[in-house]
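# Structural description and commentary
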Amino acid sequence: MSADKAPTQRVAGIVVGQSTLQVWGLTSEARLQRQFVRAGVATTPADADRVVLLRADWVYDEALVRGLAGATDDVALRADDGNGDVVALSVAAAQADEAARLLAERQALAGARSVSPAQIADGYNDKLRKREPPYLLPLTAESMDAIEWRTFRGAYKGVTDLVTLYAWPRPARYVTRLCAEAGITPNQVTSLSLVLVLAAMWLFWTGHYGWGLAAAWGMTFLDTVDGKLARVTLNSSRFGDFFDHSIDLVHPPFWWWAWIVGLTAVGLPLTHAALALTAIVAGYVLQRLEEGLFIACFGIEMHVWERFDSRFRLITARRNPNLLLLTASLAFGRPDLGILAVAIWTVACLVVHAVRLLQAAVARRRGPLRSWLSAPI
């Protein structure tokens, strides 16, 4: 059975042992219970057909929990730590008590199929657009920094813009930790980012570009933090996902419109302001439609099709690359040239994406399209 499919049998989860250490503000038991829920596993064994047992002194990738929940035979997950200790079991519910006793001693039921992390989960994450080995880490005081960094990295999208991918990880990890320890929720972070969206728009509109860019970059940073906070604390929700993505989708054209309006206030009005705004807004909307059409026609996201697409996503005319152009233009005292650069780059990216749509249509004649990231390493 595929690890990505929900189990057809009723599966319950059991935490074996305990740990006083916390990861991202969560006790080990609380973290594992949340992982059970997200994997569609009941947190009480009543009326279960099968049980998944996890040791409290290990940190598990969510893909491993889903893989164990999807197993239909007895499975023993062994750590790749050189000792080969059993750290998790998936067994018939009737054997739960015996399995819990054995797992406490790092042993498996007789006849259980031994698997490694790579065998129970292939590591491809379509939602986060990346492939990386699933993590399985011992929960010790000495390994806390490594655990934090690995789980944070696991929450990061693999295909995104260059600012998010290269500039934000280290500061975002620090702020995410502060938020987790303070009990700040992802939706609270998103709400603050919405305030900065409105502040940046007003500041651009009035020609206060320096302060506007500070607010805009602050918003983009928080836009990284809220998603990572939701994933590392296993606290994502349908509303939070909708709230965050709605803001991301709607606000960029309003920022660029406000930037154009603000040029009059600084004495640099555009001669063809309406044309520039039309190119930016229409180009933005059409690019989004191109991306949606790609998914509808070929079943995968445009930016994960081939390696070129993932690399082009680093600089494509989205919010953060456009902000880089505007920031550079302000540094040279020519915010008018910056917005013109955004307009030209938006049209250029629109054309590139149109070409990729045509190339994908031709490639599909040879068979279904697959992401280059989904290929086995």
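Here the structure is shown first, and the text comes after it.
Everything quoted here is computed from the prediction, not taken from an experiment.

## Some words on the overall build of the protein chain
In terms of regular secondary structure, the protein chain is built from 14 helices and 11 strands. Within the span of the protein chain, comprising 377 residues, buried residues form 50% of the whole. Taking the contacts inside the protein chain whose residues are at least 6 apart along the sequence as the reference set, 74% of them involve residues at least 24 apart. Per element, the accessible surface of the protein chain, about 17900 Å² overall, is 60% carbon and sulfur. For the protein chain, the separation between the mean place of its 37 positive charges and that of its 34 negative charges on side chains is 6 Å.

## Description of the layout of surface pockets
Here the second largest pocket defines a volume of roughly 210 Å³. Forming the walls of the second largest pocket are Lys130, Arg131, Glu132, Trp149, Phe152, Arg153, Tyr156, Lys157, Gly158, Leu165 and Pro169. Looking at the lining of the second largest pocket, the elements with two or more residues in it are β10 (130–131) and α5 (144–154). With 3 residues, α5 is the single largest residue contributor to the lining of the second largest pocket. In the lining of the second largest pocket, the residues fall into 5 nonpolar, 1 polar and 5 charged.

## Quick notes on the sheet that holds strand β4 (residues 50–55)
The mixed open sheet is built from 5 strands, whose spatial order is β1-β4-β7-β6-β8. Two strands close off the open sheet at either side, each with one partner strand: β1 (11–16) and β8 (113–115). Each strand axis lies, on average, 20 degrees off the axis of its neighbour in the sheet, ignoring direction. In this structure, β4 lies alongside strand β7 (residues 86–92), joined through 5 bridges in antiparallel fashion. Looking at β7, one finds that valine 52 is bridged to serine 90. Contacts from helix α1 (residues 28–38) reach β1 and β4, with the element oriented near 165 degrees to β1. With respect to the sheet, helix α3 (residues 96–104) is in contact with β1, β4 and β7, its orientation differing from that of β4 by roughly 20 degrees.

## Examining the pattern of salt bridges
Note that side chains of opposite charge can pair when their charged atoms are close. Evaluation of the coordinates by the stated rule reveals 21 salt bridges. Close ionic contact of arginine 55 with aspartate 57 constitutes a salt bridge, the shortest N to O distance being 2.7 Å. Residue arginine 101 pairs with glutamate 105 through a salt bridge whose shortest N-O separation is 3.8 Å. For glutamate 105, a relative accessible area of 44% translates into the label partly exposed. Beyond isolated ion pairs, a larger network of salt bridges with shared partners links Arg55, Asp57, Asp85 and Arg106.

## Re the pairing of β7
Burial analysis of β7 places 6 of its 7 residues in the buried class, which makes it a mostly covered element. Across 4 bridges, the pairing between strand β6 (residues 75–78) and β7 is antiparallel. Bridge pairing in β7 places valine 75 opposite serine 90.

## Brief notes about the packing of helix α10 (residues 238–265) against helix α14 (residues 335–363)
In contact at an axis separation of 10 Å, α10 and α14 are set at 150 degrees when each is read in the N-to-C sense. Every pair of crossing elements has a handedness; the one defined by α10 and α14 is left-handed. In this structure, α10 contributes Trp256, Trp259, Ile260 and Leu263 to the contact, and α14 contributes Pro335, Asp336 and Ile339. Of the residues assigned to the contact of α10 with α14, the class counts are 6 nonpolar, no polar and 1 charged.

## A few points about unusual backbone geometry
Of note, the phi angle at tryptophan 24 is positive, near 55 degrees, even though the residue is not glycine. By the secondary structure assignment, tryptophan 24 is in the loop between β2 (22–23) and β3 (26–27). Within the chain, arginine 106 stands out as a residue other than glycine whose phi angle is a positive 65 degrees. When you line up the elements, arginine 106 lands in the loop between α3 and β8.

The rules behind these values
Residues numbered from 1 in each chain as written. Predicted model: local features only at pLDDT ≥ 70, side-chain atom pairs only at ≥ 80, totals over all residues. Heavy atoms only, no water. Helix = DSSP H or I, 4+ residues; strand = E, 2+ residues; numbered from the N terminus. Buried < 20%, exposed > 50% of the residue type's maximum accessible area, 1.4 Å probe, protein only. Contact = heavy atoms within 4.5 Å. Areas by Shrake-Rupley, 256 points an atom, 1.4 Å probe, with all protein chains shown as cover. Lys, Arg positive; Asp, Glu negative; His and termini not counted. Charge placed at Lys NZ, Arg CZ, Asp CG, Glu CD. 1 Å grid on protein atoms, 1.4 Å probe; cavity = no way out; pocket = protein on both sides within 12 Å on 5 of 7 lines; lining within 4 Å. Points joined across faces, edges and corners; volume = space filled by probe spheres on them. Nonpolar A, V, L, I, M, F, W, Y, C, P; charged D, E, K, R; others polar. Pairing = 2+ DSSP bridges. Axes fitted to C-alpha atoms, helices over the stretch in contact; angles between N-to-C directions. Salt bridge = Lys/Arg side-chain N within 4 Å of Asp/Glu carboxyl O. Left-handed = near helix turned anticlockwise from the far one by under 90°.

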